[in-house]
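The chain contents come next:
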Amino acid sequence: MCRLVTDYLDKTAARFPDKTAFIDSDRSISFSELRSEAIIIANAIIARGIFKRPVLLFMEKSVSLVSAFLGVAYSGNFYSPIDVTMPDDRIMKIFEILDPALVITDKKHSDILRSIDNDADTIFIEDIRHAVSSEDTVTTNLSKVIDTDILYVLFTSGSTGMPKGVIIDHRAVVDFIDWISDCYDLSDRTVFANQAQLYFDLSIQDVYAPLKTGATTVLIPNRLYASPLRVWREIIKHRVNTIVWIPSMLSLFANLDILRNVEKAPLRTVLFCGEVMPTKHLNYWIDYYPDVTYANLYGPTECTEACTYYTLDRHFDDDDVLPIGKPCRNTDSIIISEDGDLISTPHSEGELCIRGTCLSSGYYGDPDSTRRSFVQNPFNKNYPEIIYRTGDIVCYNDHMELIYIGRKDFQIKKHGYRVELGEIEAAASSVDGVTNCCCIFDPAGEKIILVYTGDISEDDLNAAICTKVQEYMIPSEYIHRQQMLYNDNGKIDRISLTREYVNNTPEK
Ligand code: AMP
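Source: prediction; values computed, not measured.

Trainee: Any chance you could break down helix α16 (residues 494-501) for me, citing the residues and the numbers?
Mentor: When α16 is considered as a whole, its buried residues turn out to be Arg 494, Leu 497 and Thr 498. For α16, the buried positions fall inside an angular range of 100 degrees around the axis, keeping them on one side. Residues of α16 that are buried in the fold lie against α14 (421-429), β25 (434-442) and β26 (447-454).

Trainee: Could you give me a rundown of the side chain of Thr 213, with the residues and numbers involved?
Mentor: Mapping Thr 213 onto the fold places it in helix α9 (residues 204-213). Residue class for Thr 213 comes out buried when judged on its relative accessible area of 7%. Separated by 2.8 Å, the side chain of Thr 213 and the backbone oxygen of Ala 209 make a polar contact.

Trainee: I'd like a description of the pattern of salt bridges, backed by residues and values.
Mentor: Here the structure, examined in full by the defined rule, presents 27 salt bridges. When the shortest N-O distance is used, the salt bridge between Glu 423 and Arg 90 registers 2.8 Å. Placement of the pair is Glu 423 in helix α14 and Arg 90 in helix α4 (residues 88-98), with a sequence separation of 333 residues. A residue is classified by how much of its surface remains accessible, and Glu 423, at 3% relative accessible area, is buried. The class for Arg 90 is buried, based on a relative accessible area of 3%. The shortest N-O distance in the salt bridge between Arg 329 and Asp 182 comes to 2.9 Å. Residue Arg 329 is found in the loop between β15 (326-327) and β16 (331-336), and its partner Asp 182 is found in helix α8 (residues 170-183); the two are separated by 147 residues along the sequence. What makes Arg 329 partly exposed here is its relative accessible area of 41%. Taking the relative accessible area as the measure of exposure, Asp 182 reaches 46% and is therefore partly exposed. Each of Asp 10, Arg 35 and Glu 135 takes part in a single network of salt bridges with overlapping partners.

Analysis parameters
Residues numbered from 1 in each chain as written. Predicted model: local features only at pLDDT ≥ 70, side-chain atom pairs only at ≥ 80, totals over all residues. Heavy atoms only, no water. Buried < 20%, exposed > 50% of the residue type's maximum accessible area, 1.4 Å probe, protein only. Helix = DSSP H or I, 4+ residues; strand = E, 2+ residues; numbered from the N terminus. Arc of directions from axis to C-beta. Contact = heavy atoms within 4.5 Å. Polar contact = N/O pair within 3.5 Å; in protein donor to acceptor, adjacent residues only side chain to side chain. Salt bridge = Lys/Arg side-chain N within 4 Å of Asp/Glu carboxyl O.

Have a look at this one:
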């Protein structure tokens, strides 16, 4: 049995030393080489006297980034990978929250980091590649690590303008990887095509399932996803048989009718997670690949990756809604109505709450947000039992499968990216000349619209926002108003603004 993710690699490196573990556009690495690289990195970290502290990883998706994940884990510390293309403003906020003991980066990104005000020690991955290392130091440190120690912190959008660092421990990842490997027969014959960036929860099985099973993951550079044909070429070249992608990507293939003229791939398993999968696009895939296992996985970063799943076992018409199914192994779901009652019959809506080993222990350095979302199970008055309030509204269908209905708050998904509209509003409000603003979302066009008042042009506001938020959060449209619209409570009237600027919004 494996307690820590490093146990996975120890076993698999012994079982399949020469088998390819990861491939990127520059190199591939076997399990034994991966372990050696990780041990070297761990030694470099341990030599600095760092233990149980955050290590920020500032590198692009690559084999070296995976080695760094594991190096940090072998050293008894925890990592936080961040997007190297993020504006400096956001990088600075993450530094502020995480206060990393160490940054691991590569020479290519050293200039960006130099411009960020921080006093963390830095290791350049190139400088330690051939360093000597000792197993003993690592064994000593690892013997003090337990499975509830943090493995990583992933940053998601936060409504206050501060990103939220979701803490995930070793046992949550082991629990998820054990389940997904058993449920979908992942083995040393599995070849993944990784789509998600490694700073998103959707990449967890691409990184950790190979360590458990001996599978191989092809890390496809994200620039290729703009051209699905090039992605398909990689799939064919590496004989990929398993993908776990965001629905937007599968939809892109369907919208461009890519599967019609391309060589057949040896696909066995197609899983999707992170947002609603349009059934019409799923049916397109099923037309070309009828024998593949398809599943709709659901879960927030706070529940490691997926906490419910539905493996397709029947036909759905294009306008049917796909269930998000039932809880994954060792996980439980509760639906709580607006009045605080437990829902256990079909068609009544309520908030989905999750309990289980998969749960994060909270947001790093943010006890207030943690207390709001991670709460005592209201149906257990006898002992402490934490549940996570997902903010997602769901109900059961007649088969008692969970059906996703929508969000309770102002969190949206744009092309699979989780965005708190409040974070964009906080960024816009901080720009000189903006007096008031409100972000609304047009789901049909996946468009973020910023409505604002003040003395600044749309172009200038756009230029300022581009320096503060990640690319996918930048509004597609700016609407300048002389006066903001307020409701009877004196709050910005989001509903009326949405009705006015988003086409086809139903009257309430
Ligand atoms: P993230 O933390 O980026 O994984 O985003 C989590 C949120 O994405 C959830 O709270 C849901 O709102 C949404 N989500 C995840 N999976 C699904 C799914 N299969 N269907 C619909 N929405 C989903």
